[in-house]
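Chain and residue survey
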Amino acid sequence: MSDLETFPDLASRALGGGVIHANDEFFAAADHLVLAEPPGFTRATFGPKGQVYDGWETRRRRTPGHDHAIVRLGAPGVVRGVVVDTAHFTGNYPTEASVEACGAEGHPAPDELDGWETLVPRSPLAGDSRNVFPVDSGRRYTHVRLSIYPDGGVARLRVHGEPVADPRHIPDRFLDLAALEHGGRIVGCSDMFYGSPANLLLPGQARVMGEGWETRRRRDDGNDWVEVRLAAPGRIHLAELDATHFKGNAPGWASLTAVDAAGERLELLPRTRLQPDTRHRFPLTPDRDAVNVRLDAYPDGGLARLRLWGRLTPEAFAALALRWFEALPEAHAAALLPGVERPLADPAALAPLVPALRLG
Ligand SMILES: NC(=O)NC(NC(N)=O)C(=O)[O-]
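Reading the values: rules and limits
Residues numbered from 1 in each chain as written. Predicted model: local features only at pLDDT ≥ 70, side-chain atom pairs only at ≥ 80, totals over all residues. UniProt positions renumbered as here; feature names shortened; annotations may be inferred. Domains from an automatic or database assignment. Contact = placed C-beta atoms within 7 Å. Nonpolar A, V, L, I, M, F, W, Y, C, P; charged D, E, K, R; others polar. Core = buried A, V, L, I, M, F, W, Y, C linked by C-beta atoms within 7 Å. Buried ≥ 20, exposed ≤ 12 C-beta atoms within 10 Å, placed from the backbone. Helix = DSSP H or I, 4+ residues; strand = E, 2+ residues; numbered from the N terminus.

- The name given to the protein in an unreviewed UniProt entry is Probable allantoicase, with Virgisporangium aliadipatigenens as the source organism.
- If you open the UniProt record of the protein and go to Sequence similarities (unreviewed entry), you find "Belongs to the allantoicase family."
- Among the UniProt annotations of the protein, the heading Catalytic activity (unreviewed entry) holds the following wording: "allantoate + H2O = (S)-ureidoglycolate + urea".

1. Concerning the domain arrangement of the protein
- Looking at the protein, the domain boundaries give domain 1 (4-163), domain 2 (171-312) and domain 3 (315-352).
- Computed from C-alpha coordinates alone, the two centres of domain 1 and domain 2 are separated by 32 Å.
- Opposite the seven residues of domain 1 that make contact, domain 2 presents seven residues.
- Residue classes in the side of domain 1 that touches domain 2 are distributed as five nonpolar, one polar and one charged.

2. Describing the nonpolar core
- Core analysis: the largest hydrophobic core is formed by 93 residues, its most contacted members being V71 and A321.
- Top contributing element to this core by residue count: helix α1 (residues 314-327), with nine residues.

3. Focus on the UniProt feature "domain: Allantoicase" (unreviewed entry) in the protein
- Within the UniProt annotation, "domain: Allantoicase" (unreviewed entry) is assigned to residues 16-163 and 183-312.
- With 0% helix and 45% strand, the stretch residues 16-163 has end C-alpha atoms that lie 13 Å from each other.

Okay, structure coming up:
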């Protein structure tokens, strides 16, 4: 895994990303760009329009110009890099591509988006390849626009980055502190033989076993584990250990251990029996706030999702609100709080936008 791929794909359908516009989809629908699974290909498979591709493919241009598609990110955030994957496009890949992004308020239609900023300038592409472009912007974007020159096919567009949660979507400072879309992430794991632990933190329910975290069969006396860095420090009140789809391979037992800001360990859930194919909920009453949580699975097995519902400390909520506002693109920040200078000296300046800051 490259360094870039340790950041989640903000555009992925698995996080709720979607293609909201493409000027041409003659050969293959742009919706394929954000599918989580790697692109496939079956040679000499022809539909009514031509060869079937698992990607976005436009017709051969006979007029000047270029083609483009717009993706709404599943989790808005700071982009660290983009992968324009031309897998299986050999005689029909675009010779160049560029990527722009913007930050929008609310739920805009494609033609209402503006303030596009360049993430990747017009750059050459290789065919049947992962074309990797590091991005150094620091801004929080909600949409990206892929332009291809002059036309052709792209299998996937990966937009790796750090999700930045909107504090206005966190009522009463209560949220799933482990969720990828809020900024939770995996920082350690004993085994990911059959499935990535990052799947545990995705939204929604897994459709099949392959959408969860699964280890190989253990043949020693140890046990498997995964460690989560919470989106921000908070008090966990409900843990959800979802073993849905794991019927012959759910862990027999599980425990949860938190680490607080001082590095002290805190037992959240003692070793507890699990049932196969079951969504377990455990109300918790810890006396301290957590920063990291380790899930131990005994002895091995798989889980579909891990949710750690809890309340952010007032300081953590203020820090999260500040991070969000400081990362907004210039025009977006100015539209929300006209005349306010950044960096903000005090997060209280955000109270007109984020009333929960007043509750302290
Ligand atoms: N063999 C092809 O892939 N041809 C064409 N594309 C499709 N999808 O048939 C083309 O013109 O790029």
